Amino acid sequence: MNMPATKIELETAMPAGAAAPVVAMTPKRPPRTEAYARMARESAVRVIPPLVVIALLTLVWELVCRRAGSALPPPSKVFTDTRELILDPFFDHGGIDKGLFWHLSASLQRVAFGYSLSAIAGIALGVLVGQSVWAMRGLDPLFQVLRTIPPLAWLPLSLAAFRDGQPSAIFVIFITSIWPIIINTAVGIRNIPQDYRNVAAVVQLNPLEFFAKIMIPAAAPYIFTGLRIGIGLSWLAIVAAEMLIGGVGIGFFIWDAWNSSHISEIILALFYVGIVGFVLDRLIAGLGKIVTRGTAQN
């Protein structure tokens, strides 16, 4: 039977002056159970506190609104009144008699179109204002005045111009969400380090290469901050605009429920509005984290 060589035998077998062999040690991996336990603890730290707060607020709401003469229904009555809407959000009986899925889908389509236009135009104008001193002096005062106009104040003007609710709502989304994108993009462009500009001059980048390789990557954290603010304003604007233009949409659903005195349906719709707004914000934040490699605010 072959016996393993001892240390003395190995040293004897090696030539004189030869270095001892180096054995690479593979780091010991933690067991899968420990990794899963760590992930579970991290998830619990993020999930449990908000769940506790929500549970406490729901309990307080239930106790306060159960009293006689309360104007708002408690959570238990909201669930009872809206059970069919919750369990079947996909029904379609024609016209505006549709499930919440279709109302939310119509609103999201308007937001997607208007927000995309504002993102393209906002980044382009922000780059122009941030890169050109003359453009900043000429356009920045105008932007500062227009961005203070409330979203619904634009709706009558857009209805008069387009004579249709769909493009009017999209215009309100566009004009509401474009300002933070312009401002944050311009700030990001102006804050590009001078060293980056010097390197671009040394390697003789043309304007298109400077824009793609230096300007946009350096300003990306600022741009995505503006995009996050813009998506929130877009969702706020469409809910408000749909209350006035009518048709299918979550804003009109809320207004129609108010006219029918269905308070429980309003509360349910507001819950969905908040969840969708949160998801939209997380999507833009996640995209920004990927594009900026974690340097964007999250």
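It should be noted that the structure appears before, not after, this text.
Residues numbered from 1 in each chain as written. Predicted model: local features only at pLDDT ≥ 70, side-chain atom pairs only at ≥ 80, totals over all residues. Heavy atoms only, no water.

Considerations on the overall build of the protein chain
Then comes step 1: A tally of helices and strands in the protein chain yields twelve helices and zero strands.
Then comes step 2: Order of helices (α) and strands (β) in the protein chain, N terminus to C terminus: α-α-α-α-α-α-α-α-α-α-α-α.
Then comes step 3: In the protein chain, which comprises 298 residues, the proportion classed as buried is 33%.
Then comes step 4: Expressed as a percentage of contacts within the protein chain between residues at least 6 apart in sequence, the contacts between residues at least 24 apart total 66%. (Helix = DSSP H or I, 4+ residues; strand = E, 2+ residues; numbered from the N terminus. Buried < 20%, exposed > 50% of the residue type's maximum accessible area, 1.4 Å probe, protein only. Contact = heavy atoms within 4.5 Å.)

Observations regarding the packing of helix 5 (residues 100–131) against helix 6 (residues 133–146)
Then comes step 1: It is the contact of helix 5 with helix 6, at a shortest axis distance of 6 Å, that shows an interaxial angle of 125 degrees. Taken together, the axes of helix 5 and helix 6 lie oblique to each other. For the pair helix 5 and helix 6, the contacting residues are Leu 125, Leu 128, Val 129 and Gln 131 in the first and Val 133, Ala 135, Met 136, Leu 139 and Phe 143 in the second.
Then comes step 2: In the contact of helix 5 with helix 6, the residues fall into eight nonpolar, one polar and no charged. (Axes fitted to C-alpha atoms, helices over the stretch in contact; angles between N-to-C directions. Parallel < 35°, antiparallel > 145°, perpendicular 65-115°, else oblique. Nonpolar A, V, L, I, M, F, W, Y, C, P; charged D, E, K, R; others polar.)

Comments concerning the nonpolar core
Then comes step 1: One finds Val 111, Tyr 115, Leu 227, Trp 235, Ile 238 and Ile 250 to be the most contacted residues of the largest nonpolar core, which totals 49 residues.
Then comes step 2: Every element with two or more residues in this core is listed here: helix 5, helix 8 (165–190), helix 10 (207–245), helix 11 (250–259) and helix 12 (263–291).
Then comes step 3: Here the element with the most residues in this core is helix 10; it accounts for 14 residues.
Then comes step 4: Those residues in contact with Val 111, other than ones at most four positions away along the chain, are Ser 116, Ile 173, Ile 231, Ser 234, Trp 235 and Ile 238. (Core = buried A, V, L, I, M, F, W, Y, C linked by side-chain atoms within 4.5 Å.)

Considerations on the pattern of salt bridges
Then comes step 1: Taken as a whole and assessed by the stated rule, the structure comprises six salt bridges.
Then comes step 2: Two residues, Asp 92 and Lys 98, come together in a salt bridge whose shortest N-O distance is 2.9 Å.
Then comes step 3: The exposure class assigned to Lys 98 is buried, which follows from its relative accessible area of 17%.
Then comes step 4: The partner of Arg 282 in a salt bridge is Asp 281, with the nearest N and O atoms 3.4 Å apart.
Then comes step 5: Assessed through its relative accessible area of 34%, Arg 282 is described here as partly exposed. (Salt bridge = Lys/Arg side-chain N within 4 Å of Asp/Glu carboxyl O.)

A look at unusual backbone geometry
Leaving glycine aside, a negative phi is the common case for residues, and trans is the common case for peptide bonds.
Then comes step 1: Despite not being glycine, Arg 163 has its phi angle at roughly 55 degrees, a positive value.
Then comes step 2: Tracing the backbone through its elements, the reader meets Arg 163 in the loop between helix 7 (155–162) and helix 8.
Then comes step 3: The backbone phi angle of Gln 204 is positive, close to 60 degrees, even though this residue is not glycine.
Then comes step 4: Turning to its location among the elements, Gln 204 is positioned in the loop between helix 9 (194–202) and helix 10.
Then comes step 5: By relative accessible area, which is 69% here, Gln 204 ends up exposed.

Here's the deal with a nonpolar patch on the surface
Then comes step 1: Nonpolar side chains collect at one region of the surface, where Phe 271, Ile 275, Phe 278, Val 279 and Leu 283 lie side by side and expose about 510 Å² of accessible area between them.
Then comes step 2: With respect to the helices and strands, Leu 283 occurs in helix 12.
Then comes step 3: We classify Leu 283 as exposed; its relative accessible area is 55%. (Patch = residues over 30% accessible without salt bridge, like charges linked within 9 Å, V, L, I, M, F, W, Y side chains within 5 Å. Areas by Shrake-Rupley, 256 points an atom, 1.4 Å probe, with all protein chains shown as cover.)

A look at the packing of helix 10 against helix 11
Then comes step 1: Following both chains from N to C, one finds helix 10 and helix 11 inclined at 45 degrees, their axes separated by 6 Å at the closest point. Compared by their axis directions, helix 10 and helix 11 come out oblique. Considering how the two elements wind past one another, helix 10 and helix 11 form a crossing that is right-handed. Of helix 11, the residues touching helix 10 (which contributes Trp 235, Val 239, Glu 242 and Met 243) are Ile 250, Gly 251, Phe 252, Ile 254 and Trp 255.
Then comes step 2: Of the residues contributing to the contact of helix 10 with helix 11, the split by class is seven nonpolar, one polar and one charged. (Left-handed = near helix turned anticlockwise from the far one by under 90°.)

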